[in-house]
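A structural walkthrough
These are the residues of each chain, in order.
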Amino acid sequence: QVQVGESGGGLVQFGGSLRLSCSASGRFFIDYDMRWYRQVPGKRRELVAATLADGTTEYGDFVKGRFTISRDNSKNTVYLYMNLLRPEDTAVYLCNAYRPGIPVLNSWGQGTQVTVAS
């Protein structure tokens, strides 16, 4: 089972950019669906972006072309490039690794805080 950890969060101004990284340890990273979620206190956790083991990508409706997810299987790392950030993007961003068909292989990181100042 892979373990994941996030980095790259911080404080950014309205309209700015950040790159988040999710590094995974363990075997068979290439077989995992990797997702970024975000969490705001008192609100439901929502999917930001996903890069699946079959090569497809998915995005939350609110992304609207501002974010890009990519993975480097040689480095066991997933990136989330975020542009045109808005104050409503402020949240803890969490990385999830899930191996399709094997529910027990499902790992979460601790999260990284992203704060967008207006």
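Up top is the structure these notes are about.
Residues numbered from 1 in each chain as written. Predicted model: local features only at pLDDT ≥ 70, side-chain atom pairs only at ≥ 80, totals over all residues. Heavy atoms only, no water.

Quick look at the overall build of the chain
What counts is decided by this rule: Per the convention used, a helix needs a DSSP run of H or I reaching at least four residues, while a strand needs a run of E reaching at least two, with both numbered from the N terminus. We compute the radius of gyration over the C-alpha atoms and compare it with the globule rule, which gives 2.2 Å times the number of residues raised to the power 0.38.
Helices and strands together make up the secondary structure of the chain, namely 0 helices and 11 strands. In the chain, the order of α-helices and β-strands from amino to carboxyl end is β-β-β-β-β-β-β-β-β-β-β. Whereas a compact globule of 118 residues would reach a radius of gyration of roughly 13 Å, the chain reaches 14 Å, a difference of no more than 12%. Each principal axis of the C-alpha distribution contributes one length, and for the chain these read about 40 × 25 × 25 Å.

Here's the deal with the nonpolar core
Short version of the rule: What we call a nonpolar core is a set of buried Ala, Val, Leu, Ile, Met, Phe, Trp, Tyr and Cys residues that are connected through their side-chain atoms within 4.5 Å. The buried label applies to any residue whose accessible area, calculated with a 1.4 Å probe on protein chains only, is under 20% of its type's maximum; exposed applies above 50%, and partly exposed to all values in between.
Residues M34, W36, V48, F67, L80, M82 and Y93 are the most contacted members of the largest nonpolar core, which totals 28 residues. Listed by contribution, the elements that provide at least two residues to this core are β3 (18-25), β4 (33-39), β5 (46-51), β7 (67-72), β8 (77-82), β9 (91-98) and β11 (112-117).

Focus: the side chain of R66
For R66, the location among the structural elements is in the loop between β6 (57-59) and β7. Here R66 falls in the buried class, since its relative accessible area comes to 5%.

As far as function goes, none of this settles anything; it's purely spatial.
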